[in-house]
Amino acid sequence: IRIQQVGRPCADCPTLFVANHISYLDVLALGLLTHGTFIAKSEMMTWPIFGSMARLQRTVFIERDRKRKSGEQASELAQRLVAGDSMVLFAEGSTSDGNQILPFKSTLFGAAEMAIKEGAADKVLIQPLAISYTHLHGMPMGRRHRHLAAWIGDMDLVPHLSMLLKGGAMDVELRFGEPAEFSAASDRKKMTRQTEETVRQLFGAALRDVRPLTRAR
């Protein structure tokens with residue numbers, strides 16, 4: 001996996017990076033560039049290897065199907081932000097096929113809201129981030145091949161990982177947008193819509209700009 005970077009991750013804290021989600025490979029790429037703490041579904045805790053790595057990385061595990069716990073989960077995220085941790089939120093709540101972006105969920109944006117309401121921070125920076133898989137063996141993937149990177153729904157992990165290893169060199173582009181301030185006067189749902197629109201624009205631009213990569217690169 002070769003990482004192409006467009007724009008810069010915000011170095012100020014607390015920062016909430018908000019991205020689309022395609023594959024577990026997203027975590028490897030983002031971990032190198034953002035050094036952020038990830039938010040993952042609770043089932044991941046039991047995964048072999050990946051679960052152990054996630055716990056060592058201090059991942060926050062959430063139970064997506066238990067809405068009653070959303071306040072507690074947002075509170076934990078708020079505490080991490082206040083402590084100075086950068087957080088990475090995959091706002092779709094699931095993975096896509098790499099050709100589209102699913103609607104963003106506003107619930108976990110409440111972490112930024114809670115951090116401010118509790119008086120622990122005056123503002124939280126929210127930075128949009130688009131992830132796209134662009135090349136296979138240096139050639140543009142196109143719609144037909146982007147699914148090779150995607151890990152969707154209930155796909156088994158080991159067969160998918162085996163397919164990736166056999167597939168060969170792949171490029172992922174991380175395209176960072178301009179950070180926006182979330183303050184006491186901000187509206188959580190409005191910020192969610194604005195961030196989603198920015199990520200869609202960045203994602204579309206990334207796919208339109210794909211060109212064959214030269215061997216020298």
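Residues numbered from 1 in each chain as written. Predicted model: local features only at pLDDT ≥ 70, side-chain atom pairs only at ≥ 80, totals over all residues. Heavy atoms only, no water.

1. Describing the overall build of the protein
Here is the rule we go by: Secondary structure elements follow DSSP: runs of H or I no shorter than four residues count as helices, runs of E no shorter than two count as strands, and numbering proceeds from the N terminus. We call two residues in contact whenever any of their non-hydrogen atoms come within 4.5 Å of each other. Note that accessible areas follow from Shrake-Rupley with a 1.4 Å probe, and for residues the cover is restricted to the protein chains shown.
Summing up its helical and strand segments, the protein has six helices and nine strands in all. A sequence separation of at least 24 residues applies to 76% of the contacts in the protein between residues at least 6 apart. Only carbon and sulfur atoms are counted for the fraction: they give 53% of the accessible area of the protein, which is about 11500 Å².

2. Here we look at the pattern of salt bridges
This is how the line gets drawn: A side-chain nitrogen of Lys or Arg and a carboxyl oxygen of Asp or Glu constitute a salt bridge if their distance falls within 4 Å. Burial classification: accessible surface area is computed with a 1.4 Å probe over protein chains only, and a residue below 20% of its type maximum counts as buried, one above 50% as exposed, and the rest as partly exposed.
Counted by the stated rule, this structure contains four salt bridges. A salt bridge links Arg2 to Asp171; the nearest nitrogen and oxygen atoms lie 2.8 Å apart. Taken as a pair, Arg2 in strand S1 (residues 2-6) and Asp171 in strand S8 (residues 170-176) lie far apart in primary sequence, 169 residues in all. Glu196 serves as the salt-bridge partner of Arg200, at 2.9 Å between the closest nitrogen and oxygen. Residue Arg200 and its partner Glu196 are located together in helix H6 (residues 188-208), separated by four residues, close to a single helical turn. The exposure class of Arg200 is partly exposed, given its relative accessible area of 32%.

3. Digging into a nonpolar patch on the surface
Condition: Patch membership is restricted to residues that have no salt bridge and whose relative accessible area is over 30%. Joining uses 9 Å for like charges and 5 Å for the nonpolar side chains Val, Leu, Ile, Met, Phe, Trp and Tyr.
The grouping of Leu28, Ile49 and Met53 at the surface amounts to a nonpolar patch, some 310 Å² of accessible area in total. Secondary-structure assignment places Leu28 in helix H1 (residues 25-34).

4. Notes on the side chain of Asn20
Here is the rule: Any N or O atom pair separated by 3.5 Å or less is treated as a polar contact, with the protein-specific requirement of one donor-capable and one acceptor-capable atom, and with residues adjacent in sequence counted only for side-chain atom pairs.
Topologically, Asn20 is positioned in the loop between strand S2 (15-19) and H1. Among the polar contacts made by the side chain of Asn20, one reaches the main-chain amide nitrogen of Ile131 at a distance of 2.7 Å. For Asn20, the contacting residues outside a window of four places in its chain are Asp26, Phe90, Glu92, Ile101, Leu129, Ala130, Ile131, Val199 and Phe203.

5. A closer look at the packing of aromatic side chains
What counts, and what does not: The rule is short: rings of Phe, Tyr and Trp, with Trp giving its six-membered ring, pair when the centres are within 6.5 Å, and they are stacked under 30 degrees, edge-to-face over 60, tilted in between.
Counted according to the given criterion, the structure contains two aromatic pairs. Seen from their ring centres, Phe17 and Phe176 are 6.4 Å apart, and the 75° between their planes marks the pair as edge-to-face. Taken together, the residues Phe17 in strand S2 and Phe176 in strand S8 connect sequence positions 159 residues apart. Phe17 sits in the buried class, given a relative accessible area of 1%.

6. Description of the nonpolar core
The nonpolar side chains of a soluble globular protein tend to be buried with one another. Stated precisely, the cut-off is as follows: Among buried residues, the Ala, Val, Leu, Ile, Met, Phe, Trp, Tyr and Cys ones that are joined through side-chain atoms within 4.5 Å form a nonpolar core.
Counting 30 residues, the largest nonpolar core has Leu30, Ile131, Tyr133 and Leu174 as the members making the most contacts within it. Within the residue set of this core, elements represented by two or more residues are S2, H1, strand S3 (37-41), helix H2 (50-56), strand S5 (87-90), strand S6 (124-136), helix H5 (157-167) and S8. Residues within four places of Leu30 in sequence aside, it is in contact with His35, Phe38, Val88, Phe90, Leu129, Ile131 and Leu174. Within the second largest apolar cluster, 28 residues are counted, among which are Val60, Phe109, Val124 and Ile126.

7. Brief notes about the environment of Leu102
Along the chain, Leu102 turns up in the loop between S5 and helix H4 (110-117). Classification of Leu102 as partly exposed rests on a relative accessible area of 24%. On a C-alpha basis, the gap between Leu102 and Glu92 in space is 5.6 Å, while along the polypeptide they are ten residues apart.

8. As for the environment of Ala150
With respect to the secondary-structure elements, Ala150 resides in the loop between strand S7 (139-140) and H5. Overall, Ala150 belongs to the buried group, its relative accessible area being 2%. Ala150 sits 124 residues away from Asp26 along the chain, and the two C-alpha atoms are 9.8 Å apart.

9. As for the pairing of S3
Worth spelling out the cut-off: The pairing criterion for strands is at least two bridges between them, as found by DSSP.
The element S3 is extensively covered by neighbouring structure, given that four of its five residues are classed as buried. Strand direction decides the pairing type here: S3 and S5, joined by two bridges, are parallel. When the sheet's bridge partners are listed, Phe38 is paired in S5 with Val88.

10. Some details on unusual backbone geometry
Although it is not a glycine, His137 adopts a positive phi angle of roughly 55°. Following the sequence through the fold, His137 ends up in the loop between S6 and S7.

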